[in-house]
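Examining the three-dimensional arrangement
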Amino acid sequence: MTVTLSREKHTVTNARRPVRHERSATSRSDTQGQPMPVVAVTGAARGIGRALTVRLAASPDVRKVIAIDSDRGDITGVTWRVADVRDPALAGRLAGADVVVHADYDLAPDSDSRPRRAFNVRGAQTVLTAAAAGRVGRVVLVTSAMVYGARPDNPVPLAEDMPLAQDTDSSVAGDLLEIEQLARRSPRANPGMAVTVVRPAALVGDAVDTLVTRHFEAPRLLTVKGCAPRWQFCHVDDLVSALEFTVRGEITADFAVGCDGWLEQDEVEQISGLKSIELPARLTFGTAQRLHRVGVTPAPAMDLRYVVYPWVVDCAALRAAGWRPAVGNAEALRVLLDQRKGRHALAGRRIARKEATITAAGATVAVIGTAAIVRRARRRYRPD
């Protein structure tokens, strides 16, 4: 979604280039006799929500944009309605909307898992219930291709209709899986309201901060023996253009969005200039889990699967509808690398420059935790 997928304020630029897709010069409302929709966007003051709100505000295919957030943002030309997405009174804020795009999540790597899940799941549930109460025709939920799961035996690419194999756990992907389960139950709970789920690949772009982006802030790129990762990215601009595409009704079924194809590990190393370190899977995940248990790393060990195992998706539905990404994987990776400058992270934990210098000397622990960090954790948690 990333976007910083936290709830901190930031600025997202408008799309850098138009999406390439087949479309007649006549607007859809003219050719099919349908009125232009009123679109409500949650999380409109930050991240993906802000980027989409800016885009829709300038779109000739949207009649009105209702911007919803817990704080009023700085975008002009839209109708601001201040609301917490967990508040049942949200139904009143959605009055008049034909489509609701829900993008108000907390997916930051440093967020505590329990309050994060409570916010994400309750927010999505309230949006679905409030939209149904307000007679909204369709809700668009932004989740992630992470819900397909990252596994060493995943086919490359994954078909969009593959079963969602992510585990129900305390990870960010676990949050998104629970939200998808809400979407699946929605037709029975809210008959008459359609739900579209949009699953972006690993996001990159302005202020995106995820475990995947932090992986590239490490001195080395982690790999596990016996499995080479494949890398697929989704630039925020392309996600926003795909969301605009579905807001217009060009595609209404669930779909994935990302760059065409993928990068092999050697291509990533060549572009990034970073070398990899290969470790046994048991050592990698076991050490990562111990570091997380003592509070050294922010993300549980299962989140590391998304930087060592493939989860490439085939964006067939969008492609069939005529949409094409404007940013390729190599370019997206360069965007990510440009934004990592001056930042240092290990196993998802941001560290100071001095610590990064120390860790680079110890290759084995340089990626999943360093001797200096482990010693500090032991001192911190050693009983008196």
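Bear in mind the structure is a predicted one, so any value in this text is a computation, not a measurement.

**Side note on the packing of helix H4 (residues 113-133) against helix H5 (residues 172-189)**
Taken N-terminus to C-terminus, the directions of H4 and H5 make an angle of 20°; their axes are 10 Å apart at the nearest point. If you check the angle between H4 and H5, you find them roughly parallel. The crossing of H4 and H5 is right-handed. Here H4 contributes Arg-116, Arg-117, Asn-120, Val-121, Ala-124, Gln-125 and Leu-128 to the contact with H5, which in turn contributes Val-172, Gly-174, Asp-175, Glu-178, Ile-179, Leu-182, Ala-183 and Ser-186. For the contact of H4 with H5, the class distribution of residues is seven nonpolar, four polar and four charged.

**Comments concerning the sheet that holds strand S4 (residues 79-82)**
Strand order in the open sheet formed by seven strands is S4-S3-S2-S5-S6-S7-S12, and the pairing between neighbours is parallel. Either end of the sheet is taken by a strand with one partner, and the two such strands are S4 and strand S12 (255-257). Adjacent strand axes in the sheet meet at a mean angle of 20°, parallel and antiparallel pairs treated alike. Where strand S7 (residues 194-200) and S12 come together, three bridges link them in parallel fashion. Each residue of the ladder has a partner; that of Pro-200, found in S12, is Val-257. In this fold helix H2 (residues 47-57) packs onto strand S2 (38-42), strand S3 (64-69), strand S5 (99-102) and strand S6 (138-142), with an angle of close to 160° to the strand it touches most, S2.

What counts, and at which threshold
- Residues numbered from 1 in each chain as written.
- Predicted model: local features only at pLDDT ≥ 70, side-chain atom pairs only at ≥ 80, totals over all residues.
- Heavy atoms only, no water.
- Axes fitted to C-alpha atoms, helices over the stretch in contact; angles between N-to-C directions.
- Helix = DSSP H or I, 4+ residues; strand = E, 2+ residues; numbered from the N terminus.
- Parallel < 35°, antiparallel > 145°, perpendicular 65-115°, else oblique.
- Left-handed = near helix turned anticlockwise from the far one by under 90°.
- Contact = heavy atoms within 4.5 Å.
- Nonpolar A, V, L, I, M, F, W, Y, C, P; charged D, E, K, R; others polar.
- Pairing = 2+ DSSP bridges.

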